[in-house]
Amino acid sequence: MIELPEARTIARDLRETIVGKTIVSVGGNFTDHKFTFYGGDPDEFDGLLSGKQVTGAIGRSFYIEVEIEDQILLFRDGAAIRYFAAGQKRPDKSKLLLEFDDGSFLNVTTLMYCFIGVMARDAVIDNMYYALDVNGIGACDARFTLEYFQSLINDATLKLSTKAFIATEQRIPGIGNGVTQDILFNAGLHPKRKMSTLSADQVEGFYDAVVSTIQQMIELGGRDTERTIFGTPGGYQTILSSKTYRKQGCPNCRSEIVKQQYLGGSVYFCPNCQPLSE
């Protein structure tokens, strides 16, 4: 699923591969909408985008924006975006297929569920989630300071667990269940631990872990649990994920990693290094 590291990585790769190219056709299997949600009528995408040049790509927090002259093509969630050079075989499945004037193409399929949308560049933002993504203060924002992080802790959020605090309500846009695992490990915090139990030093350590973990994930090209537009895994090797918890113990103490279902997704943690209470 696209979270902040993937949004930044994919947008960077799109800038390097498709900016300057002209779209000659837009297709895809739009009739099968299962788990694929479209913004706008996909049957109109060809008329809106064909004949226009790709002018930019922006990685926000959860969203990826491809600027196509007067239009914006949006992706979110489990949109599997893949770039193919001219002459490569077309995939059998497609939820969106952009063909360019040099014979290359961009194909999008769905992993679990995804959002694909097209809107005018001067359109008024009428989607709550997109507005939060555009206007929110994420971990890469210069405004995301320790003081700002501390300001998010109040009477309501003190009742939350550490996972709920950073991974719900888009308090910190771009952080979902996936990147939360390594953030909490690096902070030494159990995902179910209440925010009210954290000391001032632990809150500061929590903030530092958010910033440093996200920065490393971006610098290394996204997580290895996700794929780039070229179909290769990201360069950041996850500490706690489905790829690691059965294969190796905790990298610090070698204890067995625990997997549990919590708040709508799996959480991984080391019960020794991330105690529920102190």
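Our structure is the block above this text.
**Q** Is there a simple way to explain helix 7 (residues 200–219) in this structure?
**A** Residues that lie three or four places apart on an α-helix share one face, since the helix turns once every 3.6 residues. The terminal C-alpha atoms of helix 7, which comprises 20 residues, lie 29 Å apart, in line with the 28 Å expected from a rise of 1.5 Å per residue. Check the buried side of helix 7 and you find it contacts helix 1 (4–17), helix 4 (146–151), helix 5 (162–167) and helix 6 (177–187). Just past helix 7, the residue glycine 221 takes up positive phi, approximately 85°.

**Q** Teacher, can you tell me more about the pairing of strand 4 (residues 64–68) here?
**A** Where a strand is regular, its side chains alternate between the two sheet faces. Burial within strand 4 is extensive, with five of its five residues counted as buried. Here strand 4 shows no split at all, with Ile64, Val66 and Ile68 on one side and Glu65 and Glu67 on the other all buried. As consecutive antiparallel partners, strand 3 (residues 54–59) and strand 4 are separated by four residues. Pairing of strand 4 with strand 5 (residues 71–84), which is carried by five bridges, proceeds in the antiparallel orientation. Opposite glutamate 65, over in strand 5, you have leucine 74 as the bridge partner. In this antiparallel pair of consecutive strands, strand 4 and strand 5, the connection spans two residues, and glutamate 69 shows a positive phi of 55°.

**Q** In this structure, what is going on with the environment of proline 271? I would like to understand it.
**A** Turning to its location among the elements, proline 271 is positioned in the segment after strand 9 (265–269). Looking at proline 271, the relative accessible area reads 42%, which means it is partly exposed. For the pair proline 271 and leucine 189, spaced 82 residues apart in sequence, the C-alpha separation works out to 9.6 Å. Residue contacts for proline 271: discarding those within four places in its chain leaves Glu256 and Val258.

**Q** Help me out: how do you make sense of the packing of aromatic side chains in this one?
**A** The description of two aromatic rings rests on the distance between their centres and on the angle between their planes. Counted by the stated rule, this structure contains 13 aromatic pairs. Ring geometry for phenylalanine 165 and phenylalanine 206: centres 6.2 Å apart, planes at 50°, overall tilted. Remark: phenylalanine 206 occurs in helix 7 and phenylalanine 165 occurs in helix 5; sequence separation between them is 41 residues. Within the aromatic cluster, the residues linked to one another by ring pairs are Phe144, Tyr148, Phe149, Phe165, Phe206 and Tyr207.

**Q** For this particular structure, what's the right way to read helix 1?
**A** Taking 1.5 Å of rise per residue, 14 residues should cover 20 Å, and helix 1 covers 20 Å from first to last C-alpha, within 8% of that figure. Along helix 1, ten of the 14 residues are buried, which leaves the element largely enclosed by surrounding structure. For helix 1, every residue scored as buried is listed here: Leu4, Pro5, Glu6, Ala7, Thr9, Ile10, Ala11, Asp13, Leu14 and Thr17. Against the buried residues of helix 1 lie strand 3, strand 4, strand 5, strand 7 (105–120), helix 6 and helix 7.

**Q** How should the environment of leucine 276 be read in this particular structure?
**A** In this fold, leucine 276 is placed in the segment after strand 9. The spatial distance from the C-alpha of leucine 276 to the C-alpha of leucine 240 is 17 Å, given a sequence separation of 36 residues. If we skip the residues at most four places from it in the chain, leucine 276 touches His190, Lys192 and Arg193.

**Q** Is there a simple way to think about the packing of helix 1 against helix 7 in this case?
**A** Helix packing geometry: the angle between the two helix axes and the distance between the axes. Running from N to C, helix 1 and helix 7 point in directions that differ by 30°, and their axes come no closer than 8 Å. Between helix 1 and helix 7, the crossing angle belongs to the class labelled roughly parallel. Two packed elements cross with a definite hand, and for helix 1 against helix 7 that hand is right-handed. Note on element contacts: helix 7 touches helix 1 through Ile214, Met217 and Ile218, opposite Leu4, Pro5, Arg8 and Thr9. For the contact of helix 1 with helix 7, the class distribution of residues is five nonpolar, one polar and one charged.

**Q** What should I look at first to understand a nonpolar patch on the surface in this one?
**A** Taken together, the side chains of Phe35, Phe37, Met112 and Tyr113 define a hydrophobic patch exposed on the protein surface, amounting to about 460 Å² of accessible area. Among the secondary structure elements, phenylalanine 37 is positioned in strand 2 (residues 36–39).

**Q** Looking at this structure, I do not really get the pattern of salt bridges. What am I missing?
**A** It is possible for side chains bearing opposite charge to pair when their charged atoms get close. Applying the stated criterion to the full structure yields twelve salt bridges. In this structure, lysine 52 engages aspartate 70 in a salt bridge whose closest nitrogen and oxygen atoms are separated by 2.8 Å. Remark: aspartate 70 occurs in the loop between strand 4 and strand 5 and lysine 52 occurs in the loop between helix 2 (45–49) and strand 3; sequence separation between them is 18 residues. Here lysine 52 falls in the buried class, since its relative accessible area comes to 16%. Of the charged contacts, one joins arginine 76 and aspartate 77 as a salt bridge, the two residues approaching to 3.2 Å between their closest N and O atoms. Aspartate 77 matches arginine 76 in its accessibility class, with the two residues each being buried.

What counts and how
- Residues numbered from 1 in each chain as written.
- Predicted model: local features only at pLDDT ≥ 70, side-chain atom pairs only at ≥ 80, totals over all residues.
- Heavy atoms only, no water.
- Helix = DSSP H or I, 4+ residues; strand = E, 2+ residues; numbered from the N terminus.
- Expected span 1.5 Å × (residues − 1).
- Contact = heavy atoms within 4.5 Å.
- Buried < 20%, exposed > 50% of the residue type's maximum accessible area, 1.4 Å probe, protein only.
- Pairing = 2+ DSSP bridges.
- Phe/Tyr/Trp six-rings, centres within 6.5 Å; stacked < 30°, edge-to-face > 60°.
- Axes fitted to C-alpha atoms, helices over the stretch in contact; angles between N-to-C directions.
- Parallel < 35°, antiparallel > 145°, perpendicular 65-115°, else oblique.
- Left-handed = near helix turned anticlockwise from the far one by under 90°.
- Nonpolar A, V, L, I, M, F, W, Y, C, P; charged D, E, K, R; others polar.
- Patch = residues over 30% accessible without salt bridge, like charges linked within 9 Å, V, L, I, M, F, W, Y side chains within 5 Å.
- Areas by Shrake-Rupley, 256 points an atom, 1.4 Å probe, with all protein chains shown as cover.
- Salt bridge = Lys/Arg side-chain N within 4 Å of Asp/Glu carboxyl O.

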